[in-house]
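# Structural characterization, general
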2 protein chains.
Amino acid sequence: MNKIGYPQGSAPAGITPGGNPASRGQGLEADINDSNLWYRENGKCLVYKKPTPVQVVHVDYPSRQRARITEAYYKTPSTTDYNGVYRGRYLDFEAKETRNIRGFPLNLVHPHQIRHLEQVERHDGIGFFIIRFTARQKTFLVDAPLLIREMKACSHSSIPYVWFEEQGVELQEGLYPRLPWLAAVDRLYF
Amino acid sequence: MNKIGYPQGSAPAGITPGGNPASRGQGLEADINDSNLWYRENGKCLVYKKPTPVQVVHVDYPSRQRARITEAYYKTPSTTDYNGVYRGRYLDFEAKETRNIRGFPLNLVHPHQIRHLEQVERHDGIGFFIIRFTARQKTFLVDAPLLIREMKACSHSSIPYVWFEEQGVELQEGLYPRLPWLAAVDRLYF
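Residues numbered from 1 in each chain as written. Chains lettered and ligands numbered in written order. Predicted model: local features only at pLDDT ≥ 70, side-chain atom pairs only at ≥ 80, totals over all residues. Heavy atoms only, no water.

### Let's talk about the UniProt feature "site: Transition state stabilizer" (unreviewed entry) in chain A
Residue and element names in this part refer to chain A. When the UniProt feature table is mapped onto this chain, "site: Transition state stabilizer" (unreviewed entry) is found at K96. In this fold, K96 is placed in strand β5 (residues 89–98). Within the structure, the side chain of K96 is placed 3.0 Å from the backbone oxygen of L108, a separation counted as a polar contact. (UniProt positions renumbered as here; feature names shortened; annotations may be inferred. Helix = DSSP H or I, 4+ residues; strand = E, 2+ residues; numbered from the N terminus. Polar contact = N/O pair within 3.5 Å; in protein donor to acceptor, adjacent residues only side chain to side chain.)

### Notes on the sheet that holds strand β2 (residues 54–60) of chain A
Within a sheet, adjacent strands bond to each other through the backbone by hydrogen bonds, running parallel or antiparallel. The strand order across the open sheet built from four strands is β2(A)-β3(A)-β3(B)-β2(B), with neighbouring strands paired in antiparallel fashion. Unpaired on one side and paired on the other, β2 of chain A together with β2 (54–60) of chain B mark the two borders of the sheet. Across the sheet, the mean angle from the axis of one strand to that of its neighbour is 35°, orientation sign disregarded. Sheet topology places strand β3 (residues 68–74) of chain A next to strand β3 (residues 68–74) of chain B; four bridges connect them, and they run antiparallel. Counted as the bridge partner of A:R68 is B:Y73 from β3(B). (Pairing = 2+ DSSP bridges. Axes fitted to C-alpha atoms, helices over the stretch in contact; angles between N-to-C directions.)

### Quick word on the interface of chain B and chain A
Facing the 36 residues of chain B at the interface are 36 residues of chain A. Of the roughly 3,200 Å² buried at the junction of chain B and chain A (both faces included), carbon and sulfur atoms supply 62%. Note that A:E71 and B:R68 form a salt bridge whose closest N and O atoms lie 4.0 Å from each other. Applying the counting rule to chain B against chain A returns seven residue pairs in polar contact (both at pLDDT 80 or more). Listing elements by their share of the side of chain B that touches chain A, those giving two or more residues are β1 (46–49), β2, β3, β4 (82–86), β5 (89–98) and α2 (111–122) of chain B. At seven residues, β3(B) tops the list of elements feeding residues into the side of chain B that touches chain A. For the side of chain B that touches chain A, a count of residues per class yields 16 nonpolar, 12 polar and eight charged. (Contact = heavy atoms within 4.5 Å. Buried area = accessible area lost by both parts, 1.4 Å probe. Salt bridge = Lys/Arg side-chain N within 4 Å of Asp/Glu carboxyl O. Nonpolar A, V, L, I, M, F, W, Y, C, P; charged D, E, K, R; others polar.)

### Describing empty space enclosed by the protein
Empty space left among the atoms is revealed by rolling a probe the size of a water molecule over them. Evaluated as defined, the whole model comprises one cavity of 30 Å³ or more. The computed volume of the largest cavity comes to approximately 30 Å³. Together, A:L46, A:V47, A:Y48, A:N83, A:G84, B:K50, B:N83, B:Y90 and B:H116 line the largest cavity. If you list the elements that add at least two residues to the lining of the largest cavity, you get β1 (46–49) and β4 (82–86) of chain A. Among the elements that take part in the lining of the largest cavity, β1(A) stands out by supplying three residues, more than any other. Tallied by class, the residues present in the lining of the largest cavity amount to four nonpolar, four polar and one charged. (1 Å grid on protein atoms, 1.4 Å probe; cavity = no way out; pocket = protein on both sides within 12 Å on 5 of 7 lines; lining within 4 Å. Points joined across faces, edges and corners; volume = space filled by probe spheres on them.)

### A look at the packing of helix α1 (residues 28–41) of chain B against helix α5 (residues 181–189) of chain B
Residue and element names in this part refer to chain B. Interaxial distance between α1 and α5 falls to 10 Å at its minimum, and their mutual angle equals 75°. By the angle between their axes, α1 is roughly perpendicular relative to α5. In this structure, α1 contributes S35, N36 and Y39 to the contact, and α5 contributes W181, L182 and A183. The residue inventory of the contact of α1 with α5, partitioned by class, reads four nonpolar, two polar and no charged. (Parallel < 35°, antiparallel > 145°, perpendicular 65-115°, else oblique.)

### Description of the environment of A:L175
All names here are of chain A. For L175, the position within the fold is in the loop between β10 (169–170) and α5 (181–189). When its relative accessible area of 54% is taken as the criterion, L175 is described as exposed. With 140 residues separating them in the primary sequence, L175 and S35 have C-alpha atoms 9.4 Å apart. (Buried < 20%, exposed > 50% of the residue type's maximum accessible area, 1.4 Å probe, protein only.)

### Notes on the relation of the copies chain B and chain A
Relative to chain A, chain B is turned by 180° and slid 0.0 Å along the rotation axis, the superposed coordinates differing by an RMSD of 0.0 Å. Here the copies are linked by what is in effect a two-fold axis. Taken as a fraction of all interface residues of chain B, those also at the interface in chain A reach 100%, which identifies the copy contact as same-surface. (Least-squares fit on C-alpha atoms with pLDDT ≥ 70 in both.)

### Brief notes about the UniProt feature "binding site: Mg(2+)" (unreviewed entry) in chain A
Residues and elements named next belong to chain A. UniProt's entry tags T79, D81, E94 and Q113 with the feature "binding site: Mg(2+)" (unreviewed entry), counted in the numbering of this structure. These residues run over 35 residues, yet every pair of their C-alpha atoms falls within 9.3 Å of each other. Its location among the elements puts T79 in the loop between β3 and β4. The buried category is assigned to T79, whose relative accessible area is 8%. Reaching out from T79, the side chain makes a polar contact with the side chain of K50 at a distance of 2.7 Å. Along the chain, D81 turns up in the loop between β3 and β4. Excluding its chain neighbours within four sequence positions, the residues that come into contact with D81 are Y48, K49, K50, F93 and E94.

Laid out in structure tokens, this is it:
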């Protein structure tokens, strides 16, 4: 079981662990950020990762120019990691990766993320998850209302891998963009 | 000239400078945050302020539980302050206040905010500004493409106040929500 870490390390340019010239070995978050940048620069959609919220306790002002934060703590985000716009519609999603072979552990999704994505649905926005099974090198895009319903009905601590094969859209990694999640959005919602 | 400060102080509950039981004396950012909370809790729309981005340089781990950031700096945001969803559509806006009586100083809007709102328009999202003239106690919602066009055509360092009276929608402050900006969105875009 492996949550997306913060801060997220990414492979140095030119070094591709596993020998695959695409993205293999880079974390899911880095793959998505790279893809979002490519989508923005090519005018496909406008999606950003939200900054990690920080509770600032003390700030020094060594010069007039630059405030230096000397004590701060990470806060739990109240929403998901990514949002933006595509063809006028509101997009909102959360990315999770797990090393678990057999399924997706429910405790990777926080209650406030579920509540947030339920509200996105209520306001007719497009909400989904991007889930990577790192040990299998498989990544799926899944509709948020569908996964949340499954999580609430689930009596175990995880949702079996096969459910994602049946209900998700598999994202094949490529070069540009690295993780073509927008094609899956087209297929599911437009 | 006064940019929205960070961190933003808000008046303690029950104390209303100026004797107005509504919001007078509170900063624009606090008014908008209060209103967004009211809109969320009443299921009207789902809009959040994005966290202020922070560049973390050093982190201590005094315990396994809590990472303590000991050196960090505020970063310039690459986008606007607020975004979210209303009736399926993507909303994106920036809030600015000025003490200037005669007009709105152009340098209050950063080039990256202009570029971002131009991209929002290109993707058919709804982008706007909420501008407050504090000395006049007047607040307007203005369409972003309209204001950006005016800024680019403007040969002076500010846009006259009267332009906002003619082109903006005035927001009358109230109790719930404090700053009813969504009504202006209905009027302009739906």
